[in-house]
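Residues per chain are reported as follows:
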2 protein chains.
Amino acid sequence: MITFEEAVIRSNIIKAMAHPVRLLIIEYLKEGPQAFSEIFGLFDLDKSTVSKHLHVLKETGIVTSRKSGADMVYTLEVPCVTDFFGCVTAVIENNVRRQQVCLCKR
Amino acid sequence: MITFEEAVIRSNIIKAMAHPVRLLIIEYLKEGPQAFSEIFGLFDLDKSTVSKHLHVLKETGIVTSRKSGADMVYTLEVPCVTDFFGCVTAVIENNVRRQQVCLCKR
DNA sequence: TTGATTGTTGGTAAATGGGCCAATAGGTCA
DNA sequence: TGACCTATTGGCCCATTTACCAACAATCAA
């Protein structure tokens, strides 16, 4: 078993991924580093909102940023986070399977 | 890229894991199904609080529950969620590495 | 320097999350 | 049946999150 303190640290990192906008940003950065303006263009949100989401990802060490000319470029630092989504997909598939069983029984 | 709707579904599952108590419950259930009273005993929390955390895990399909005599027994349905923590650890190690660099520069 | 463009920060309101207590539901067992 | 035990649900309060707008900082061009 892990300690409670360790669980707090882990949950903070997981929390950073626990938002649809931040998930999409991570997915997008899998393709390579991207400028803020490109990331911003993915969403129908205020600039400041997207900036704050990126700040959360930076704080937890999932992405980093650097200036490049006029742009701010964001880079995914931990590519393995995407492996994890395979597990999330497994959860979803498991749910679908169980729902089908429910439907059959009715 | 995934759709926004898909990202919402995924983030709901990730959210279910984004709490230290729920992480510890998942860790505990890796060892096998456990009665509510055993899970409850891990924490210094109200019964109702632990019950609500388990409810969140049930809703997302991460655990299931069944009655066994007087007890309610919880089972981890998606063992792969634990693989994912390897990635979280990678994020943590990456953070430590970068912090050390910072310390060296100062 | 001035003006335009780009991204961050501060403030605030609404929504969500997490804790406890009290009440309830659903079993078990004498 | 009635008393008891176990887990869940409802209600409430406080803290956090997330969105927008507005103001600010920082950079590039003229």
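Above this text you will find the structure in question.
These numbers were taken from a predicted model, which means no experiment stands behind them.

About the criteria used
- Numbering of residues starts from 1 in every chain and runs along the sequence as written.
- Here chains are named by letter from A upward and ligands by number from 1 upward, in the order in which they appear as written.
- Given that the model is predicted, a residue must reach a pLDDT of at least 70 before its local features are reported, and side-chain atom pairs must reach 80 or more before they are shown or counted; all residues, however, enter totals for whole chains, interfaces and linings.
- The side-chain quantities take in all heavy atoms of the structure and omit both hydrogens and water.
- Note on ring pairs: Phe, Tyr and Trp rings are taken, using the six-membered ring of Trp, and paired if centres are within 6.5 Å. Classes follow the plane angle, with under 30 degrees stacked, over 60 edge-to-face and the rest tilted.
- By the criteria applied, helices consist of DSSP H or I runs no shorter than four residues and strands consist of E runs no shorter than two, each listed in order from the N terminus.
- Think of it in three bands: with a 1.4 Å probe and only protein chains considered, a residue is buried below 20% of the maximum accessible area for its type, exposed above 50%, and partly exposed in between.
- We call a residue near a molecule or strand whenever a single non-hydrogen atom of that residue lies within 4 Å of it.
- Two N or O atoms form a polar contact when they lie within 3.5 Å of each other; inside protein one atom must be a possible hydrogen donor and the other a possible acceptor, and for residues adjacent in sequence the pair counts only when both atoms belong to side chains.
- Residues were grouped as follows: Ala, Val, Leu, Ile, Met, Phe, Trp, Tyr, Cys and Pro as nonpolar; Asp, Glu, Lys and Arg as charged; and all remaining residues, including Gly, as polar.
- For a helix, the expected span equals 1.5 Å multiplied by the residue count minus one.
- Copy-to-copy superposition: least squares on the C-alpha atoms, limited to residues that have pLDDT of at least 70 in both copies.
- The contact criterion used throughout is that any non-hydrogen atoms of two residues lie within 4.5 Å.
- The term buried area denotes the loss of accessible surface (1.4 Å probe radius) that occurs when two parts are joined, taken as the sum for both partners.
- Salt bridges, as used here, are contacts in which a Lys or Arg side-chain nitrogen is within 4 Å of a carboxyl oxygen on Asp or Glu.
- Strands qualify as paired when DSSP identifies two bridges or more between them.
- Where helices are involved, their axes are fitted lines through C-alpha atoms of the stretch in contact, as for all axes, and angles between N-to-C directions lie from 0 to 180°.

1. With respect to the packing of aromatic side chains
Residues and elements named next belong to chain B.
Alright, step 1. Under the defined criterion, the tally for this structure stands at 2 aromatic pairs over all chains.
Alright, step 2. Where phenylalanine 36 meets phenylalanine 40, the ring centres are 6.0 Å apart and the plane angle is 5 degrees; that geometry is what we call stacked. A residue pair is termed a helical-turn pair when its members lie 3 or 4 positions apart in one helix, as phenylalanine 36 and phenylalanine 40 do in helix H3 (residues 36-41) at 4 residues.
Alright, step 3. Using a relative accessible area of 17% as the deciding quantity, one classes phenylalanine 36 as buried.
Alright, step 4. Accessibility expressed as a relative area gives 23% for phenylalanine 40, which makes it partly exposed.

2. What about the protein's contact with DNA strand D?
Alright, step 1. Surrounding DNA strand D, one finds 19 residues, the nearest of these being Ser48, Thr49 and His53 of chain A together with Ser51 and Tyr74 of chain B.
Alright, step 2. What you see for DNA strand D is that sugar and phosphate hold 61% of its atoms within 4 Å of the protein.
Alright, step 3. Between lysine 52 of chain A and DNA strand D, the recorded distance is 3.2 Å, taken from a side-chain N or O atom to a base nitrogen.
Alright, step 4. Of the residues belonging to the surface near DNA strand D, the class tally is 5 nonpolar, 8 polar and 6 charged.

3. Section: helix H1 (residues 4-17) of chain B
Alright, step 1. Taking 1.5 Å of rise per residue, 14 residues should cover 20 Å, and H1 of chain B covers 20 Å from first to last C-alpha, within 8% of that figure.
Alright, step 2. Within the span of H1 of chain B, buried status applies to Ala7, Arg10, Ser11, Ile13, Ile14, Ala16 and Met17 of chain B.

4. Remarks on the relation of the copies chain A and chain B
Alright, step 1. Between chain A and chain B, which share one sequence, the superposing operator has a rotation angle of 180 degrees and an axial displacement of 0.0 Å; the RMSD is 0.1 Å. Expressed as an axis order, the relation between the two copies is that of a two-fold axis. The rotation axis passes nearest to the C-alpha of phenylalanine 84 of chain A in chain A, at a distance of 2.5 Å.
Alright, step 2. Take the interface residues of chain A: 98% of them recur as interface residues in chain B, which is what a same-surface contact looks like.

5. Some points on the interface of chain A and chain B
It is common to give the size of an interface as the accessible area lost on bringing the parts into contact.
Alright, step 1. Each partner contributes to the interface: chain A provides 43 residues, whereas chain B provides 42 residues.
Alright, step 2. Of all residues in chain A, the largest losses of buried area upon contact with chain B belong to Met1, Arg10 and Ile14 of chain A, amounting jointly to 17% of the total for that side.
Alright, step 3. The interface formed by chain A and chain B includes 2 salt bridges.
Alright, step 4. With a shortest N-O distance of 3.6 Å, glutamate 27 of chain B and arginine 10 of chain A are connected by a salt bridge.
Alright, step 5. Looking at the side of chain A that touches chain B, the elements that each hand over two or more residues are helix H1 (4-17), helix H2 (20-29) and helix H5 (81-105) of chain A.

6. Thoughts on the sheet that holds strand S3 (residues 71-76) of chain A
All names here are of chain A.
Alright, step 1. An order of S1-S3-S2 is seen for the 3 strands of this open sheet, with the pairing classed as antiparallel. Where the open sheet ends on each side, the last strands, each with one partner, are strand S1 (34-35) and strand S2 (63-68).
Alright, step 2. Judged from the 2 bridges that link them, S1 and S3 form a sheet pairing that is antiparallel. Paired with alanine 35 across the strands is valine 73, a residue of S3.
Alright, step 3. Packing against the sheet, H2 makes contact with S1, S2 and S3, and its axis sits at approximately 85 degrees to S3.
Alright, step 4. Running at roughly 120 degrees to S2, helix H4 (residues 47-59) makes contact with S2 and S3 of the sheet.

7. Looking at the pairing of strand S3 (residues 71-76) of chain B
Residue and element names in this part refer to chain B.
Alright, step 1. Note that strand S2 (residues 63-68) and S3 share 6 bridges and pair antiparallel. Bridge pairing in S3 places valine 63 opposite leucine 76.
Alright, step 2. Remark: 2 residues form the turn of the hairpin made by S2 and S3, two consecutive strands paired antiparallel; glycine 69 in that turn has positive phi of roughly 65 degrees.

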